[in-house]
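Secondary and tertiary structure notes
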Protein chains: 2
Amino acid sequence: MPSVWFELLGTCPHTGARRGRLHTPHGTVETPFFMPVGTQGAVKTVGSEDVEALGFEQVLSNTYHLSLRPGSKTIEKLGGLHRFMSWNGSILTDSGGYQVMSLSDTRTIDDSGVRFKSHLDGSIQFLSPERSIEIQGELGVDISMSLDECPPYPCSRDEAANAMRRTHLWAPRNLAASREGQAVFGIVQGGVHEDLRTESTQFISSLPFAGIAVGGVSVGEPSEMQYPVVAHTAKQLPVDKPRYLMGVGHPKDILHAVACGIDMFDCVLPTRMARHHALYTLDGRVNALGKRWFEHDGPFDEQSVFPQTERYSAAYIRHLFKAGEPLGARLATLHNLAFYARLLREIREAILDGTWPDLIARYERA
Amino acid sequence: MPSVWFELLGTCPHTGARRGRLHTPHGTVETPFFMPVGTQGAVKTVGSEDVEALGFEQVLSNTYHLSLRPGSKTIEKLGGLHRFMSWNGSILTDSGGYQVMSLSDTRTIDDSGVRFKSHLDGSIQFLSPERSIEIQGELGVDISMSLDECPPYPCSRDEAANAMRRTHLWAPRNLAASREGQAVFGIVQGGVHEDLRTESTQFISSLPFAGIAVGGVSVGEPSEMQYPVVAHTAKQLPVDKPRYLMGVGHPKDILHAVACGIDMFDCVLPTRMARHHALYTLDGRVNALGKRWFEHDGPFDEQSVFPQTERYSAAYIRHLFKAGEPLGARLATLHNLAFYARLLREIREAILDGTWPDLIARYERA
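Below, the structure is looked at part by part. All values derive from a computational prediction rather than experimental measurement. (Residues numbered from 1 in each chain as written. Chains lettered and ligands numbered in written order. Predicted model: local features only at pLDDT ≥ 70, side-chain atom pairs only at ≥ 80, totals over all residues. Heavy atoms only, no water.)

**A few points about helix 13 (residues 326-353) of chain A**
Residue and element names in this part refer to chain A. The end-to-end C-alpha distance of helix 13 is 41 Å, a good match for the 40 Å that 28 residues give at a rise of 1.5 Å each. Of all 28 residues that make up helix 13, 23 are buried, and the element is covered over most of its length. At the exit of helix 13 stands Gly 354, carrying a positive phi of roughly 75 degrees. (Helix = DSSP H or I, 4+ residues; strand = E, 2+ residues; numbered from the N terminus. Expected span 1.5 Å × (residues − 1). Buried < 20%, exposed > 50% of the residue type's maximum accessible area, 1.4 Å probe, protein only.)

Given below as structure tokens:
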């Protein structure tokens, strides 16, 4: 039995949505699911006990950040990333490639890998498929992501094709570098071009990856370009492997992608928006600083009551933000993560209950 | 029966320490106790559920800050400060006088009160004994503090005497302004002068306050000046009322003051130090950024294991501070508050167990 494997429980009678289970060394994760982002080994403002209490079973952390600070060998010496961040659930790490491209000033990429300057101390670092998989092995995570090349949006067809070519060149090198029992996911590229996406999906699906991710989505393109790519790609993915849409997204993006057959999501939106006092509700995202909350004794959304935050009124959370109290960002983060946890829980219920249309109506304005 | 009253349970066979209970409208508080400081209606970085879980039964909040933002009438309309900050325990508010003196640029004080510029919007505000007690009544707290004049340190004997004179002039006006059932504490002034402290203690004790505070201590004077003032004043305080030493302090200051017969404390040290990565341990305060913690898999102090933070290693908390993760300040705050909660719990145990000398030895280096 591989260390990570997918069990399909059923499909939605209305859409292409799938209900399943992802089995990992640190527990079973009910799919579809959302991973809170703990870039530097911590979900911003909240502890692992909070993430657990919110009902999440898997989190995402970042190879790039952790390898620079405190260093993957240090984390390995301290018993691995689970022990380091005191998280007993499952962990997936990205490969570091996306952060190298977006955070490092100076970088040169060729078929051997990426040479870049650390954004922390300016030191020259090198990341290759082999090195990325080695770091993720040292972190001891449940799921390692392949190093790929993710082209920016917009980019020319040639650029998209070249990034795909290098992603395919690197794909088997990622697999070959993995430790015994280290589960590696492959990543489909191809930009917004359906033929490239088809080619990439077929190639990546032909390799023995534990799961397949759709990369290069949610990199700045409008949703009318994102949705066709997701729909086109998802329907060609193998049925027996977990499908992960990287970096997505808004509640409506998740609902669309689940309906296309996607099982896994991660996004900084709920946590980042919370720190900018934007709170998710069934009536859309609201600004906690708004005057309407000044003397509002109830929650931000009467339809949404969350165990971790229901004791605090909108008026209080607004006051905390106005007064610069750090508790404001924490309570808002708990609120937004609870919103996402509930969205995914209701998605899982609706798939098997056959109530997908009701769910779509419920989240219509969210 | 008054709304707030003190029950003496016993005294220490070794010192002047008292073990008692403070009965308040929001529950009984075991004395001696320490109040975490929630300046703006929140203990920085932690929620009311955390303060409760740490074992604290009373918190302190600030009249000055809350009256400027969001306003005491707003809090009253929202059901009072307890409901606003979702704190079910007891609350004491300071009078606002100390903050007016330390935070406002422009102020004029005379026997009618203090006129000052808001540090938020520059508006002209007026605080008098009547207004301070009225605000605290609107907040609906368990214990209101009298408006007094707290002279800075160092100051001349004349300045100390004048501040005391005005404090005495205002004392009965604070009492007269109180609502039905609003418990007001009086404040002893007199600087570092024993004869003034004696005079002030006698005068304040002669009025029907629910409790007596020792003010004007911990305003910058060295501990060799603070300790004699506390000892001299405490021994003249009435036995049947709770005794509160405002703004104190370091663990050793608290141990000294408890031995002098003080029952109540508040201080920003544990929370402020935590945000500056200084963590209390039985071996003294340590810098969480220190290299020694880089790969330290255990807690900061092997002798101190705290429920809220024991799952996280010193190496992890150091990493959070280094990486600028907001969770670092929160975990450090929980650690320091847990240290204070335990110190006070062990103080309460030692008073009646007759093990005070063992306690002093245990906290010798703290």
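**Brief notes about the sheet that holds strand 5 (residues 37-38) of chain B**
Residue and element names in this part refer to chain B. Judged by pairing direction, the sheet is parallel, and its nine strands sit side by side in the order 4-15-14-13-12-11-7-6-5 without closing on themselves. Strands with a single pairing partner mark the edges of an open sheet, and in this sheet they are strand 4 (33-35) and strand 5. Where strand 14 (residues 243-245) meets strand 15 (residues 264-266), two bridges bridge the pair, whose relative direction is parallel. The residue bridging Tyr 244 from the neighbouring strand is Met 264, located in strand 15. (Pairing = 2+ DSSP bridges.)

**A few points about unusual backbone geometry**
Residues and elements named next belong to chain B. Residue Arg 69 is joined to Pro 70 through a cis peptide bond whose omega torsion reads 5 degrees. One can find Pro 70 in the loop between helix 2 (63-68) and helix 3 (72-77). Even without being a glycine, Ser 86 presents a positive backbone phi close to 55 degrees. Position of Ser 86 relative to the elements: it lies in the loop between helix 4 (81-84) and strand 7 (90-94). Classification of Ser 86 by relative accessible area gives buried; the value is 10%.

**Thoughts on the pattern of salt bridges**
Overall, the coordinates contain 44 salt bridges over all chains when judged by the stated rule. Among the salt bridges present, the one from Arg 311 of chain B reaches Glu 49 of chain A, with a minimum N-O distance of 4.0 Å. In this pair, Arg 311 of chain B is assigned in the loop between strand 17 (284-287) and helix 12 (314-322) and Glu 49 of chain A in helix 1 (residues 48-53), connecting two distinct chains. Residue Asp 283 of chain B is joined to Arg 365 of chain B by a salt bridge in which the shortest nitrogen-to-oxygen separation is 2.4 Å. Separated by 82 residues along the polypeptide, Asp 283 of chain B in the loop between strand 16 (278-281) and strand 17 and Arg 365 of chain B in the segment after helix 14 (356-362) bring together distant segments of the chain. According to the relative accessible area criterion, Asp 283 of chain B is partly exposed, its value standing at 44%. Counted as one network, the salt bridges with shared partners bring together Glu 7, Arg 19, Arg 21 and Glu 30 of chain A. (Salt bridge = Lys/Arg side-chain N within 4 Å of Asp/Glu carboxyl O.)

**Remarks on the interface of chain B and chain A**
In this complex, chain B contributes 38 residues to the contact, which on the side of chain A involves 38 residues. Regarding the contact of chain B and chain A, the summed buried area is about 3500 Å², with carbon and sulfur atoms giving 48% of it. Along the contact surface separating chain B from chain A lie 24 residue pairs in polar contact (both at pLDDT 80 or more). Elements with a contribution of two residues or more to the side of chain B that touches chain A: helix 1 (48-53), helix 3, helix 4, helix 12 and helix 13 (326-353) of chain B. At five residues, helix 12 of chain B tops the list of elements feeding residues into the side of chain B that touches chain A. For the side of chain B that touches chain A, the class distribution of residues is 15 nonpolar, ten polar and 13 charged. (Contact = heavy atoms within 4.5 Å. Buried area = accessible area lost by both parts, 1.4 Å probe. Polar contact = N/O pair within 3.5 Å; in protein donor to acceptor, adjacent residues only side chain to side chain. Nonpolar A, V, L, I, M, F, W, Y, C, P; charged D, E, K, R; others polar.)

**Let's talk about the relation of the copies chain B and chain A**
Overlaying chain B on chain A yields an RMSD of 0.0 Å, the required transformation being a rotation through 180 degrees with an accompanying axial translation of 0.0 Å. Both copies of the chain, as the preceding transformation shows, are related through a two-fold rotation axis. Interface overlap between copies: 100% of the residues of chain B at the interface are likewise at the interface in chain A, consistent with a symmetric, same-surface contact. (Least-squares fit on C-alpha atoms with pLDDT ≥ 70 in both.)

**A few points about the sheet that holds strand 15 (residues 264-266) of chain A**
Taken together, nine strands build an open sheet; the order of strands is 4-15-14-13-12-11-7-6-5 (chain A) and the sheet is parallel. Among the strands making up the open sheet, the edge pair consists of strand 4 (33-35) and strand 5 (37-38) of chain A.

**Some thoughts on the pairing of strand 3 (residues 27-31) of chain B**
Residue and element names in this part refer to chain B. As defined by bridge partners, strand 2 (residues 18-24) adjoins strand 3 across five bridges and the pair is classed as antiparallel. Across the sheet, residue Arg 21 finds its bridge partner in strand 3, namely Glu 30. Following strand 2, the chain reverses through two residues before pairing antiparallel with strand 3.

**Notes on a nonpolar patch on the surface**
Taken together, the side chains of Tyr 153, Val 192 and Met 225 of chain A present a nonpolar region at the surface, about 210 Å² in accessible area. Structurally, Val 192 of chain A is set in the loop between strand 12 (183-188) and helix 8 (194-205). (Patch = residues over 30% accessible without salt bridge, like charges linked within 9 Å, V, L, I, M, F, W, Y side chains within 5 Å. Areas by Shrake-Rupley, 256 points an atom, 1.4 Å probe, with all protein chains shown as cover.)

**Things to note about the packing of helix 10 (residues 251-259) of chain A against helix 13 of chain A**
Residues and elements named next belong to chain A. One way to put it is that helix 10 packs onto helix 13 with a least axis distance of 11 Å and a crossing angle of 25 degrees. Between helix 10 and helix 13, the angle falls in the class roughly parallel. Our pair here, helix 10 against helix 13, has a crossing hand that is right-handed. Where helix 10 approaches helix 13, its residues Pro 251, Ile 254, Leu 255 and Val 258 are matched on the opposing element by Phe 339, Tyr 340, Leu 343, Leu 344, Ile 347 and Ile 351. (Axes fitted to C-alpha atoms, helices over the stretch in contact; angles between N-to-C directions. Parallel < 35°, antiparallel > 145°, perpendicular 65-115°, else oblique. Left-handed = near helix turned anticlockwise from the far one by under 90°.)

**Description of the side chain of Gln 226 of chain B**
Residue position: Gln 226 of chain B is located in helix 9 (residues 223-234). The contacts of Gln 226 of chain B, once residues within four sequence positions are left out, are Val 217, Ser 218, Glu 221, Val 248 and Asp 253 of chain B.

**Notes on the environment of Leu 343 of chain A**
Residue and element names in this part refer to chain A. Examined against the element boundaries, Leu 343 turns out to sit in helix 13. On the accessibility criterion, Leu 343 (0% relative accessible area) is buried. For the pair Leu 343 and Phe 33, spaced 310 residues apart in sequence, the C-alpha separation works out to 9.5 Å. Excluding residues that lie within four positions of it along the chain, Leu 343 makes contacts with Pro 251, Leu 255 and Tyr 363.

**Focus: the environment of Cys 155 of chain B**
Residues and elements named next belong to chain B. One can find Cys 155 in the loop between strand 11 (143-145) and helix 7 (157-176). Classification of Cys 155 by relative accessible area gives partly exposed; the value is 23%. Residues Cys 155 and Val 192 lie 37 residues apart in sequence; the distance between their C-alpha atoms is 9.5 Å.

**A word on the packing of aromatic side chains**
Scanning the entire structure with this criterion turns up 20 aromatic pairs over all chains. Residues Trp 293 of chain A and Phe 300 of chain A carry aromatic rings whose centres are separated by 4.8 Å and whose planes lie at 70 degrees to one another, so their mutual orientation is edge-to-face. Comparing Trp 293 of chain A with Phe 300 of chain A shows no difference in burial state: the two are buried. Between Tyr 280 of chain B and Tyr 340 of chain B, the aromatic rings sit 5.3 Å apart at their centres with planes inclined by 85 degrees, giving edge-to-face as the arrangement. Here Tyr 280 of chain B, found in strand 16, pairs with Tyr 340 of chain B, found in helix 13; they are 60 residues apart in sequence, far enough to count as distant. The exposure classification of Tyr 280 of chain B matches that of Tyr 340 of chain B, with both residues buried. The rings of Phe 34, Phe 56, Tyr 280, Phe 339, Tyr 340 and Tyr 363 of chain A are connected pair by pair, giving a single aromatic cluster. Sitting over the face of the ring of Phe 294 of chain B, Lys 291 of chain B holds its NZ or CZ atom 4.7 Å from the ring centroid. (Phe/Tyr/Trp six-rings, centres within 6.5 Å; stacked < 30°, edge-to-face > 60°. Lys NZ or Arg CZ within 6 Å of the ring centre and 35° of its normal.)

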